[in-house]
Amino acid sequence: MQELEHRSGRISYTILAADGSVCRLPDGFLRTCAGGTDRTYAYLLVDHLRWLVSEGLTPESVSMRDLERYMGAVGAEYRGPYGNPWRVGKRPYAQSSLDAAAACLKRFYCYLGSHGENQALAEEFTRKGARLPTKADRRRLFLGHVVQEMAANPLRPARAVRGRHPKMPPDGARTTLLDDLGSARDRMTVTWLADGGFRIGEFCGLHLVDLHLREGAECGECRPPHVHICHRETNPNRSRAKTKPPWTTRNGVVHGGLVRRASPAMIHTYFEYMTTEYPHNADHGMLLIQLHGPGKGQPWSMAGARAMLNRAGIRLDLGKVNPHAWRHLFATNVLDASDGDTLIARDAGGWSSATTVEQIYGHTDLHDPKFTAALDRVWERP
């Protein structure tokens, strides 16, 4: 896989053959992918193309049965011979990676079919890729009551049913970290992740113009203090927001994007950071900067933010502190405060679906008196 940096600052990806030439079809396919998706699909596609070589196959000759074998080789459940050993010494894909690989392969081979290559496989994806619509599908669609089938992916493995496990920060992590961290930037990071529910890519991708931390900002989209999360392909630290709502700048004011409310603590830590650590001569316009090393004053990367939290967690005996854990904590706190209203939690954290909040991000506090009282009532029954 080859990373390409354009003059505009945009990063794209392509795939090279062993002799250094560009693989025509994979390169054309990656050009059709949206920013962020192309990087993920490039890594997954490289793995698949290497497997094809080891099996003596090509994208033009591979069959659906071969693709099912490949999914089994990387971790999906599969009944049948796998063929030659593959990914020896590497862990199998996790469930989310298997879903992404299945989506990548379907799009790639449908793209090939549209360009006259392996059309039989592309037609098989279309023919086999159908399922009955669920109630949620019908609710999302206009005239959903007349829908007879929905598009599906025959390569997508069945989701493993596992008990939910806690994904929250360690108990008391916020207070412990804020008492220990000596940098205003690092304290702002903990506060904004906890109070704003930001993904790490959203947080590290913020620009100063995205912050409307005053009442009645000129954008007119939210009266209280808020932040606009905007997907940008050209951030110098290569951070990207996951969601891509349209946004624009008019008269120097950002409009659109994903609007997220800002707490008083977020505003306080922002001004502390800006007045003590932010350089007056920064020309990149990004919020977070490196404080030490040869890149001092340059935009702070997602890897740097993760490393800071991880080092602090180890130093304070908190264990590994994952930035995404604060997003789970944020969702749980909003659900608790709103009596379980998933619509409020969805809009507060910028999720696309209330079901996602309920099924993935909502966690019960095992030490909650209500939780304990409910179990006590159950156990008291004969």
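Quantities reported herein were computed from a predicted structural model and do not represent experimental measurements. (Residues numbered from 1 in each chain as written. Predicted model: local features only at pLDDT ≥ 70, side-chain atom pairs only at ≥ 80, totals over all residues. Heavy atoms only, no water.)

Help me out: how do you make sense of the overall build of the protein in this one?
Of regular secondary structure, the protein possesses 15 helices and nine strands. Residues counted as buried form 44% of the 382 residues belonging to the protein. Summarising the internal contacts of the protein: among those between residues at least 6 apart in sequence, 57% fall at separations of at least 24. (Helix = DSSP H or I, 4+ residues; strand = E, 2+ residues; numbered from the N terminus. Buried < 20%, exposed > 50% of the residue type's maximum accessible area, 1.4 Å probe, protein only. Contact = heavy atoms within 4.5 Å.)

Explain the nonpolar core to me, please; I cannot follow it from the model alone.
The nonpolar side chains of soluble globular proteins are, as a tendency, buried together. Within the largest apolar cluster, 38 residues are counted, with the highest numbers of intra-cluster contacts made by Trp-192, Phe-198, Leu-287 and Trp-326. Among the elements that take part in this core, helix H8 (residues 184–196) stands out by supplying six residues, more than any other. When neighbours within four sequence positions are excluded, Leu-287 is seen to be in contact with Met-188, Trp-192, Leu-206, His-207, Leu-208, Leu-211, Tyr-270, Tyr-273, Met-274 and Tyr-278. Val-46, Trp-51, Met-71 and Tyr-109 belong to the second largest nonpolar core, which has 36 residues in total. (Core = buried A, V, L, I, M, F, W, Y, C linked by side-chain atoms within 4.5 Å.)

Help me understand the confidence of the model for the protein in this model?
Do not read the predicted coordinates in detail wherever pLDDT is low. Taken residue by residue, the protein gives an average pLDDT of 85. The fraction at 70 or more is 86%. Note on residues 145–149: pLDDT is under 50 here. Beyond four places in sequence and across chains, it has 10 contacts. Note on residues 161–165: pLDDT under 50 across the span, and five contacts to partners over four residues away in sequence or across chains. (pLDDT = per-residue confidence, 0-100.)

How should the sheet that holds strand S9 (residues 258–261) be read in this particular structure?
Within a beta sheet, neighbouring strands are joined by backbone hydrogen bonds and run either parallel or antiparallel to one another. Pairing is antiparallel in the open sheet, where three strands are placed in the order S5-S6-S9. Every other strand in the sheet has two partners, leaving strand S5 (211–212) and S9 as the edge strands with one partner each. Where S5 meets strand S6 (residues 226–229), two bridges bridge the pair, whose relative direction is antiparallel. Looking at the pairing, His-212 lines up with His-226 of S6. (Pairing = 2+ DSSP bridges.)

Can you walk me through the packing of helix H7 (residues 173–180) against H8 in this structure?
In a packed pair of helices, the relevant descriptors are the angle between the two axes and the axis-to-axis distance. Close contact between H7 and H8 brings their axes to 9 Å; oriented N to C, the two are set at 160 degrees. As the angle between them shows, H7 and H8 are arranged roughly antiparallel. Relative to H8, the crossing made by H7 is left-handed. Only Arg-187, Val-190, Thr-191, Ala-194 and Asp-195 of H8 make contact with H7, whose side of the interface consists of Arg-174, Leu-177 and Leu-178. Grouping the amino acids of the contact of H7 with H8 by side-chain chemistry returns four nonpolar, one polar and three charged. (Axes fitted to C-alpha atoms, helices over the stretch in contact; angles between N-to-C directions. Parallel < 35°, antiparallel > 145°, perpendicular 65-115°, else oblique. Left-handed = near helix turned anticlockwise from the far one by under 90°. Nonpolar A, V, L, I, M, F, W, Y, C, P; charged D, E, K, R; others polar.)

Sorry if this is basic, but what is going on with the environment of Arg-250 here?
One can find Arg-250 in strand S7 (residues 247–250). Along the chain, Arg-250 and Cys-219 lie 31 residues apart, while their C-alpha atoms are 8.9 Å from each other.

Looking at this structure, I do not really get the packing of helix H1 (residues 24–31) against helix H4 (residues 95–114). What am I missing?
It is at 10 Å that the axes of H1 and H4 come closest, and there the two elements cross at 110 degrees. One finds that H1 runs roughly perpendicular with respect to H4. Handedness of the crossing formed by H1 with H4: right-handed. Contact with H1, carried on its side by Leu-25, Pro-26, Gly-28 and Phe-29, involves Cys-104, Arg-107, Phe-108, Tyr-111 and Leu-112 of H4 and no other residues of that element. A breakdown of the residues in the contact of H1 with H4 according to their chemical character gives seven nonpolar, one polar and one charged.

I keep staring at the packing of aromatic side chains and nothing clicks. Help me out?
Aromatic ring pairs are described here by two measures, namely the spacing of the ring centres and the angle between the planes. For the structure shown, the criterion picks out 10 aromatic pairs. Here the aromatic rings of Tyr-270 and Phe-271 are separated by 5.0 Å at their centres, their planes lie at 70 degrees, and the arrangement is edge-to-face. Look at Phe-271 and you get partly exposed, because its relative accessible area is 43%. Measuring from ring centre to ring centre gives 5.9 Å for Tyr-273 and Tyr-278, while their planes differ by 80 degrees; the resulting arrangement is edge-to-face. Put simply, the rings of Phe-29, Tyr-41, Phe-108, Tyr-109 and Tyr-111 pair up and form one aromatic cluster. Against the face of Trp-300 rests Arg-185, its NZ or CZ located 3.6 Å from the ring centre. Stacked on the ring of Trp-247, the Lys or Arg Arg-232 has its end atom at 4.6 Å from the ring centre. (Phe/Tyr/Trp six-rings, centres within 6.5 Å; stacked < 30°, edge-to-face > 60°. Lys NZ or Arg CZ within 6 Å of the ring centre and 35° of its normal.)

In this structure, what is going on with the side chain of Arg-260? I would like to understand it.
The residue Arg-260 is located in strand S9 in this model. Taking the relative accessible area as the measure of exposure, Arg-260 reaches 1% and is therefore buried. One polar contact links the side chain of Arg-260 to the main-chain carbonyl oxygen of Gly-196, over a distance of 2.8 Å. (Polar contact = N/O pair within 3.5 Å; in protein donor to acceptor, adjacent residues only side chain to side chain.)

Got a minute to help me understand the pairing of strand S1 (residues 2–5) in this structure?
Remember that side chains alternate between the two faces of the sheet whenever the strand is regular. Where S1 lies against strand S2 (residues 11–14), four bridges are found, and the strand directions are antiparallel. Note on S2: the bridge partner recorded for Leu-4 is Ser-12. What sits between the antiparallel neighbours S1 and S2 is a turn of five residues, in which Gly-9 has the positive phi angle 100 degrees.

I tried to follow helix H10 (residues 264–276) on my own but got confused; where do I start?
Residue pairs three or four apart in sequence face the same way in an α-helix, which turns once every 3.6 residues. Here H10 spans 19 Å end to end across 13 residues, near enough to the 18 Å set by a 1.5 Å rise per residue. Of the residues making up H10, those classed as buried are Met-266, Ile-267, Thr-269, Tyr-270 and Tyr-273. One face of H10 carries all of its buried residues, which in axial projection span an arc of 170 degrees. Exposed residues on H10 whose side chains face more than 90 degrees from its buried face are Pro-264, His-268, Thr-275 and Thr-276. Buried residues belonging to H10 abut H8, S5 and S9. (Expected span 1.5 Å × (residues − 1). Arc of directions from axis to C-beta.)

Help me understand the pairing of S9, please; the structure alone is not making it clear to me.
Here S9 shows one buried face, formed by Leu-258 and Arg-260, and one open face, formed by Val-259 and Arg-261. The pairing of S6 with S9 spans four bridges and is classified as antiparallel. By the bridge assignment for S9, His-226 is matched with Arg-261.

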